[in-house]
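Secondary and tertiary structure notes
Chain residues, written in single-letter form:
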Amino acid sequence: SGQSDSTVCVVEHMVPVTPAVARLKPAFDALRQDRELMLDKAEFLELCPRASPDIIDGLFGIFDTNEPFGKIRYSEMCAFVLLTSDTDRSEEKLEAIFPMVDTDEDNLITRTELTHAMRMLYYARFRDSEYSDSKVPLVVAEVMSEVGSEEMSLRQFTEWVRSDKPLIIELRELLQRPFSELQEEEGSSPDIWSIQARMTFEKIKVDNPIVELDGDEMTRVLWQMIKEKLIFPFLDMQIDYYDLSITYRDETDDQVTSDAAHAIVRHNVGIKCSTIAPDRARVLEFNLRKMWPGPNGTIRNILDGTMFHAPIICANIPRFVPGWEKPIIVGRHAHGDQYQATQLVAEGSGTFKVTFVPDDGAPEEVVAYTFKPSSGGGVMLGMYNTRASIENFAKCCFEHSLDQGLPLYLSTQWSVLKDYDGFFVDVFQRTFEHSYEKAFEQQGLWYQHRDLDDMVRQVIKSSGGFVWACKNYDGDLMSDIVAQGYGSPGLMISTLVCPDGKTVLTEAAHGTVTRHYRALQRGEKTSTNPMACIFAWSRGLAHRAKLDGHERLAEFSRALEEACITCVERGLMSKDLAACVHGNDVTPDQWVLTEDLLNAFANELKLVLLKPLRIQARAQEEPFGANSDGGMDRTLDGASLASTNTQL
């Protein structure tokens, strides 16, 4: 797990530039290395032979009226790069000021350094020395007003850039205007400049253990890389490790799965890699002694929890349902119903009866159907569920809704199955009123039951932002539909939540990516999507932080997610996500290899840890709108529901 000490490492700030400006990088590096150096046009052409003379003329044309005439210094070069930066987000341009000014790479800049950079930025835009000389002191004063010293950190500078203070708003608008001096080649792709800095990071000490459940094939390979690059360099924690690979499960007669589940009960937090649920072909492939059950079912039965599937939303990954801007988290009651039903085929005429024999009373019998000779026989089904299981399902759903800060909807077909599904509705309502109503009100949340057909209509029209509790078959179906609706099943994470509200197991919602593992075995490099595996770690660590009251760990888990999403939205992504964006004709320049992607995530994580986290808004408005079908209020009328259940 490493030692709890301070680590000094290199972090790379990424500055997007146009290809034409990118050819000026040798001159930029020379000026950055020697802040006293000034270059004339001939020296620029010598250092940057691939650069367009028009671009160099444009640079010198801006600053020729500014002393020293006919020469470019570092601050002027920085202003030119920022104004021509290849991004529509002025906030990104402003954040790039810091690494450019921080030439000693210590993640601190002084008032004087910032003043020089701002003066050149204003001068390049307005070509008016008097205006820039009068404006810049005001801007710098606003930046430094809450610092209390003559230097500021990257975190403090970023807080100002993302604030709503008057002068930063004005500066963002200034940077959004097109820069007429730059004529870029048509169809050109942006380039990225890497500006290095040093960071000191003190490892986060995690007081209580995490239960790690290792897995199979390509996800096992990803798992190890994620730990090496994104987890252990930053955290000092104890791992209670269990190898759930198919070969070790076979070696231990699957006892390791049971041991892992009981360890999760002890420590309350488990983080699981994807595993193989063997079929006949896998039994032969691995020479297994028997066809062992999948670990997930065994663990779920021991923990008695509910599995919730949630999307990872990236703004640039197209969604098949475009309106789903917020997460829809599907909770499936994976117990009973069709999956543990008794089936029977009738070959001829006869009577189908359902009989219940109490331990302490007379049998109850209901005639379900009479098959007549003309019917030619038929099929029969008997299914069940238990009050205890439904109550635990309800508790898990209410606990997870509170944890996620999202409203809860239960969908059933109670208008058809008035007794069977009505039982679910009654248990949920009573659990809500007795144990959760006040907590929901305190968070501004609500609970509501809807008929399944109405719920499906409203979900498709909604913007997302809720937890959806489904019965067994409904949850199996709807979780797959929702996963595809968000664009990629590779961006779904599963969280098993137990009724106690404390015990949680997180996992990627996809399989072991066998096809990529076969390619790896052949010596080929792959571009495998690691997002869901990473989020399994971040969500598990977030729950550990919640239980322990560990704010630094909570911030780290959010920073890890922010870093990954930022990279993907910047265009750094695996091949499957690139295909979502660009279609099946995706080209190699549109995606990166697995290890390169994880390295990019690790670098961005270091940057995010140096900055304030972005605020993520909670979705607490009615996701279906005020006038959705049925005219239902967002909370159920408890009195009318009680009356309905009495009639049932």
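This report concerns the structure included in the present document.

Criteria and thresholds
- Sequence order as written defines residue numbering, which begins from 1 separately in each chain.
- Local features in a predicted model are, by the rule used here, given only for residues with pLDDT of at least 70; side-chain atom pairs are given and counted only at 80 or more, and totals for whole chains, interfaces and linings are based on all residues.
- Only hydrogens and water are removed before side-chain values are computed, so all heavy atoms of the structure are retained for them.
- Numbering of helices and strands starts at the N terminus; helices are DSSP runs of H or I of at least 4 residues and strands are runs of E of at least 2.
- The cut-offs for exposure are 20% and 50% of the maximum accessible area for each residue type, with area from a 1.4 Å probe on protein chains only; residues under the lower value are buried, those over the upper are exposed, and the others partly exposed.
- For this analysis, residues touch if any pair of their heavy atoms sits within 4.5 Å.
- Here the Shrake-Rupley method, with its probe set to 1.4 Å, supplies the accessible areas, and only the displayed protein chains count as covering residues.
- Charge counting follows a simple rule: Lys and Arg are positive, Asp and Glu are negative, and His as well as the terminal groups are ignored.
- Note on charges: their place is set at NZ of Lys, CZ of Arg, CG of Asp or CD of Glu.
- Centres within 6.5 Å make a pair out of two Phe, Tyr or Trp rings, where for Trp the six-membered ring is used; the pair is then stacked when the planes are under 30 degrees apart, edge-to-face when over 60, and tilted otherwise.
- By the criterion adopted, a ring carries a charge over it if an Arg CZ or a Lys NZ lies within 6 Å of its centre and within 35 degrees of its normal.
- In the sections that follow, a salt bridge refers to a side-chain nitrogen of Lys or Arg positioned within 4 Å of a carboxyl oxygen of Asp or Glu.
- Throughout, an axis means a line fitted to C-alpha atoms (over the contacting stretch in the case of helices), and angles, computed between N-to-C directions, take values from 0 to 180 degrees.
- Here the angle decides the label: under 35 degrees means roughly parallel, over 145 means roughly antiparallel, 65 to 115 means roughly perpendicular, and every other value means oblique.
- If you view the pair so one helix is near and one far, a crossing is left-handed when the near helix is turned anticlockwise from the far one by less than a right angle, and right-handed when it is turned clockwise.
- Classification convention: Asp, Glu, Lys, Arg as charged; Ala, Val, Leu, Ile, Met, Phe, Trp, Tyr, Cys, Pro as nonpolar; all other residues, Gly among them, as polar.
- Think of a polar contact as two N or O atoms within 3.5 Å of one another; within protein, one of them needs to be a possible hydrogen donor and the other a possible acceptor, and neighboring residues in sequence only count if both atoms come from side chains.
- Strands are treated as partners if at least two bridges between them are detected by DSSP.

Re the overall build of the protein chain
Helices and strands together make up the secondary structure of the protein chain, namely 26 helices and 20 strands. With respect to the three principal axes, the spread of C-alpha positions in the protein chain is 105 × 60 × 50 Å. Within the protein chain, the proportion of its 648 residues that are buried is 51%. Expressed as a percentage of contacts within the protein chain between residues at least 6 apart in sequence, the contacts between residues at least 24 apart total 78%. Accessible surface, the protein chain as shown: approximately 29,700 Å² in total, 49% of it carbon and sulfur. Taken together, the 65 basic and 99 acidic charged side chains of the protein chain have centroids lying 2 Å from each other.

Some details on the packing of aromatic side chains
Under the defined criterion, the tally for this structure stands at 22 aromatic pairs. Ring geometry for phenylalanine 28 and tyrosine 74: centres 5.5 Å apart, planes at 45°, overall tilted. Remark: tyrosine 74 occurs in helix α5 (residues 74–83) and phenylalanine 28 occurs in helix α2 (residues 25–33); sequence separation between them is 46 residues. For tyrosine 74, a relative accessible area of 2% translates into the label buried. On the basis of an interplanar angle of 45° and a centroid distance of 5.8 Å, the ring pair of phenylalanine 98 and phenylalanine 157 is categorised as tilted. With phenylalanine 98 in helix α7 (residues 97–101) and phenylalanine 157 in helix α10 (residues 154–161), this pair connects stretches of sequence that are 59 residues apart. Its relative accessible area of 0% is what places phenylalanine 98 among the buried residues. Judged by relative accessible area, which is 0%, phenylalanine 157 ranks as buried. One aromatic cluster in this structure is built from Phe393, Phe398, Phe428, Phe432, Tyr436, Phe440 and Tyr447. Here the basic side chain of arginine 332 rests over the ring of tyrosine 339, its NZ or CZ set 4.8 Å away from the ring centre. The ring of phenylalanine 424 carries the charged tip of lysine 471 above its face, separated from the ring centre by 5.4 Å.

Some remarks on the pattern of salt bridges
Taken as a whole and judged by the stated rule, the model has 33 salt bridges. Put simply, lysine 205 and aspartate 236 hold a salt bridge, and the shortest N to O gap is 3.7 Å. Here lysine 205 is found in strand β5 (residues 204–205), whereas its partner aspartate 236 is found in strand β7 (residues 235–236), with 31 residues between them in sequence. Salt-bridge contacts for glutamate 212 lead to lysine 227; the nearest nitrogen and oxygen are separated by 2.8 Å. Taken together, the residues glutamate 212 in strand β6 (residues 210–214) and lysine 227 in helix α12 (residues 217–231) connect sequence positions 15 residues apart. With respect to burial, glutamate 212 and lysine 227 carry one shared label: buried.

Section: the packing of α12 against helix α22 (residues 531–548)
The relative placement of two packed helices comes down to the angle between their axes together with the axis-to-axis distance. Where α12 meets α22, the closest approach of the two axes is 9 Å, and the angle between their N-to-C directions is 55°. Put simply, α12 runs oblique to α22. Helix-helix and strand crossings are classified by hand; for α12 and α22 the assignment is right-handed. Of the residues in α22, those touching α12 at Thr219, Leu222, Trp223, Ile226, Lys227, Leu230 and Ile231 are Cys533, Ile534, Ala536, Trp537 and Leu541. Split by residue class, the contact of α12 with α22 holds 10 nonpolar, one polar and one charged.

Considering the packing of α22 against helix α23 (residues 551–569)
At a closest axis distance of 7 Å, the pairing of α22 and α23 adopts a crossing angle of 160°. Between α22 and α23, the angle is such that the two are roughly antiparallel. Seen along the crossing, α22 lies across α23 with a hand that is left-handed. Contacts between α22 and α23 involve Met531, Ile534, Phe535, Ser538, Arg539, Leu541, Ala542, Arg544 and Ala545 on the former and, on the latter, Leu553, Ala554, Phe556, Ser557, Leu560, Glu561, Cys564, Ile565 and Val568. Tallied by class, residues from the contact of α22 with α23 come to 13 nonpolar, two polar and three charged.

Re the side chain of serine 245
Secondary-structure assignment places serine 245 in the loop between β8 (239–243) and α13 (246–251). At 2.9 Å, the side chain of serine 245 forms a polar contact with the side chain of aspartate 243. Among residues more than four places away in sequence, those in contact with serine 245 are Asp214, Gly215, Asp216 and Arg220.

Re the sheet that holds strand β11 (residues 328–332)
Strand order in the open sheet formed by 10 strands is β8-β6-β9-β20-β19-β10-β11-β18-β16-β17, with mixed pairing between adjacent strands. Edge positions in the sheet fall to β8 and β17 (447–451), since each of these pairs with one other strand and no more. For this sheet, the mean inter-axis angle between neighbouring strands, taken without regard to orientation, is 20°. Relative to strand β20 (residues 504–508), strand β19 (residues 492–497) runs antiparallel, the two being bridged by five bridges. Bridging across to β20, leucine 496 finds its partner in leucine 505. Where helix α14 (residues 255–267) meets the sheet, it contacts β6, β8, β9 (269–272) and β20, and its direction lies at approximately 160° from that of β8. On top of the sheet, helix α19 (residues 452–461) reaches β11, β16 (408–412), β17 and β18 (466–470); it is set at about 110° to β17, its chief contact.

Comments concerning the environment of tryptophan 591
Among the structural elements, tryptophan 591 can be located in the loop between α24 (575–582) and α25 (594–610). It is 8.2 Å that separates the C-alpha atoms of tryptophan 591 and leucine 577, two residues lying 14 residues apart in sequence. Once you skip the residues sitting within four places of it in the chain, tryptophan 591 turns out to touch Ser527, Met573, Ser574, Lys575, Ala578 and Val586. Among the polar contacts made by the side chain of tryptophan 591, one reaches the main-chain carbonyl oxygen of threonine 587 at a distance of 3.3 Å.

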